[in-house]
Amino acid sequence: MRNAWLILAHNEFVVLQQLISELDTPDSDIYVHIDKKVKQIPHFKEPTHGRLFILEKRIDARWGDVSLAESELLLLGTALRNGPYAHYHILSGTHLPLKPREELIQFYDSHDGQEIMRFWETDEGDADFKLRRYHFPIRNYKSSHPGIRSVTQTLWSAVIFFQKKLRIRHLESDRFYKTDQWVSLTEKAASYLVKNKDAILRKYKWSFCCDEYFIASELKASSGDFHFYDCPNLLFVEFVTDNPKSFPLSALPEIRQKDYYWARKFTSH
């Protein structure tokens, strides 16, 4: 079965090159979106067996912002034009597989026709805060410029404070489902999301971290009769407060002893 590997990358290009090499099979096409903030796109070694596509259109993707969902939908739309594929896998450029290539492909083949993702326990407070409030200045929440970051976070806090005081919410009738951002979708699901791209981006425009919610929530809210496989050991990641811990590439052999299919986030430093 053919697979499309859709990769969101903005740094750690040594790790990305290793990921590309490890995904190289005759039935695999690899699509890479390099964040628009990257000034110089590096040269990547072409796969031996599959095909590599570096997207010409690039989005300035920001943490917490709807631009992350926009980037994923761009990747899905690009790959759909070369489909069909059994699965469209959304990955970061700091992912690496923990299983041998053959075992990894066999796992996905065994779930043909299913949307593969790891669901998180429903937390209505989290969904209410991230999706039912208007997060107007969130785009520069983690700006590299200290002044812009400080002003943005102050304004954002004030906006949220007044919304709580005035009991302002939207999307109150929607039910939301939280997953990891990194999912594997069937042709049917990918097509549905891309077909409804404009409506999805409008709906989540002022949300916070909608990349954790929009795919599962929109598919479950549709009448498309999608079939979901909840995979608890899909991804190994460790968090330090709210941020994923970085692992050096030298730690990969040890991490590969864990019973997961993927791990992130790796660094070459």
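Higher on the page you've got the structure.
Everything quoted here is computed from the prediction, not taken from an experiment. Within each chain, residues carry numbers counting from 1 in the order of the written sequence. A pLDDT threshold of at least 70 governs which residues receive local features in this predicted model, and a stricter bar of 80 or more applies before side-chain atom pairs are shown or counted, although totals over entire chains, interfaces and linings include all residues. Computation of side-chain values: all heavy atoms of the structure, hydrogens and water removed.

**Quick word on the overall build of the protein**
Numbering of helices and strands runs from the N terminus, with a helix taken as a DSSP run of H or I at least four residues long and a strand as a DSSP run of E at least two residues long. Helices and strands together make up the secondary structure of the protein, namely nine helices and 14 strands. Relative to the compact-globule value of 18 Å for 269 residues, the protein shows a C-alpha radius of gyration of 19 Å, a close match. C-alpha atoms of the protein, sized along the principal axes, occupy 55 × 45 × 35 Å. Within the protein, the proportion of its 269 residues that are buried is 52%. Contacts in the protein between residues at least 24 apart in sequence constitute 77% of all its contacts with a sequence separation of at least 6. Carbon and sulfur atoms form 51% of the exposed surface of the protein, whose accessible area is close to 13400 Å². Positive charges come from Lys and Arg, negative ones from Asp and Glu, while His and the chain ends are left out of the count. Positions of charges follow a simple convention, taking NZ of Lys, CZ of Arg, CG of Asp or CD of Glu. Side-chain charges in the protein split into 37 positive and 36 negative, and the spacing between the mean points of these groups amounts to 7 Å. Each radius of gyration reported is based on C-alpha atoms, and the globular scaling rule is 2.2 Å times the count of residues to the power 0.38. The rule is simple: take the accessible area with a 1.4 Å probe, protein chains only, and divide by the maximum for that residue type; under 20% is buried, over 50% is exposed, in between is partly exposed. Contacts are assigned to residue pairs that have any heavy atoms within 4.5 Å of one another. To be clear on the numbers: accessible area is Shrake-Rupley with a 1.4 Å probe, and residue cover counts the displayed protein chains and nothing else.

**Considerations on a nonpolar patch on the surface**
The grouping of Phe161, Phe162, Leu166 and Ile168 at the surface amounts to a nonpolar patch, some 420 Å² of accessible area in total. What makes Leu166 exposed here is its relative accessible area of 60%. Patch building starts from residues that exceed 30% relative accessible area and form no salt bridge, then joins like charges within 9 Å and nonpolar side chains (Val, Leu, Ile, Met, Phe, Trp, Tyr) within 5 Å. When a carboxyl oxygen of Asp or Glu lies within 4 Å of a side-chain nitrogen of Lys or Arg, that pair is called a salt bridge.

**Some words on the sheet that holds strand β9 (residues 235-236)**
Hydrogen bonds along the backbone pair up the strands of a sheet, which may run parallel or antiparallel. The strand order β5-β13-β9 describes an open sheet built from three strands, whose pairing is mixed. In the strand order of this sheet, the two ends are held by β5 (96-97) and β9, each with one partner. One requirement defines pairing of two strands: DSSP has to find at least two bridges between them.

**Some details on the side chain of Lys99**
Take Lys99: it is sitting in the loop between β5 and α3 (101-109). On the accessibility criterion, Lys99 (16% relative accessible area) is buried. Discounting residues that sit within four places of it in the chain, Lys99 has contacts with Leu104, Asp259, Tyr260 and Tyr261.

**Some points on helix α5 (residues 146-166)**
The length a helix should cover is 1.5 Å for every residue beyond the first. Here α5 contains 21 residues, and its C-alpha end-to-end distance of 30 Å stays within 8% of the 30 Å for a straight helix at 1.5 Å per residue. Every buried residue of α5 is accounted for by Thr152, Trp156, Ile160 and Gln163. Projected down its long axis, α5 shows its buried positions confined to an angular sector of 60 degrees, all on one face. Exposed positions of α5 whose direction lies more than 90 degrees from the buried face are Pro146, Thr154, Phe162, Lys165 and Leu166. A positive phi of about 55 degrees marks Arg167, the residue just after α5. The directions considered for the arc are those from the helix axis to the C-beta atoms.

**A look at the state of the cysteines**
A pair of sulfur atoms, both from cysteines and within 2.5 Å, is called a disulfide here. Under the counting rule described, the total for this entry stands at zero disulfides. Looking at Cys210, it has no disulfide partner, and the nearest cysteine sulfur is the one in Cys209, 8.2 Å off.

**Regarding the pattern of salt bridges**
In total, this model carries 21 salt bridges according to the counting rule given. Across the pair Glu212 and Lys130 runs a salt bridge whose closest N-O atoms are separated by 3.0 Å. In this pair, Glu212 sits in the loop between α7 (197-203) and α8 (214-221) while Lys130 sits in helix α4 (residues 124-131), placing the two residues 82 residues apart along the sequence. Bridged by salt links that share partners, the residues Asp35, Lys37, Asp60, Arg62, Asp65 and Arg139 form one connected network.

**A look at the side chain of Arg133**
Residue placement: Arg133 occurs in the loop between α4 and α5. Think of a polar contact as two N or O atoms within 3.5 Å of one another; within protein, one of them needs to be a possible hydrogen donor and the other a possible acceptor, and neighboring residues in sequence only count if both atoms come from side chains. Within the structure, the side chain of Arg133 is placed 3.4 Å from the backbone oxygen of Gln163, a separation counted as a polar contact. Reaching out from Arg133, the side chain makes a polar contact with the backbone oxygen of Ile168 at a distance of 3.0 Å. Once residues lying within four places of it in the same chain are set aside, the contact partners of Arg133 are Asp128, Ile160, Gln163, Lys164, Ile168, Arg169, His170 and Trp206.

**Some words on the packing of helix α6 (residues 187-195) against α8**
Where helices are involved, their axes are fitted lines through C-alpha atoms of the stretch in contact, as for all axes, and angles between N-to-C directions lie from 0 to 180°. Direction vectors running N to C along α6 and α8 enclose 95 degrees, while the axes themselves pass 11 Å from each other. The angle between α6 and α8 falls in the class roughly perpendicular. Residues Ala189, Tyr192 and Leu193 of α6 form the contact with α8, whose participating residues are Ile215, Glu218 and Leu219. Angles are sorted into four bins: roughly parallel if under 35 degrees, roughly antiparallel if over 145, roughly perpendicular if 65 to 115, and oblique for all others.

Read these as spatial facts, not as claims about activity.
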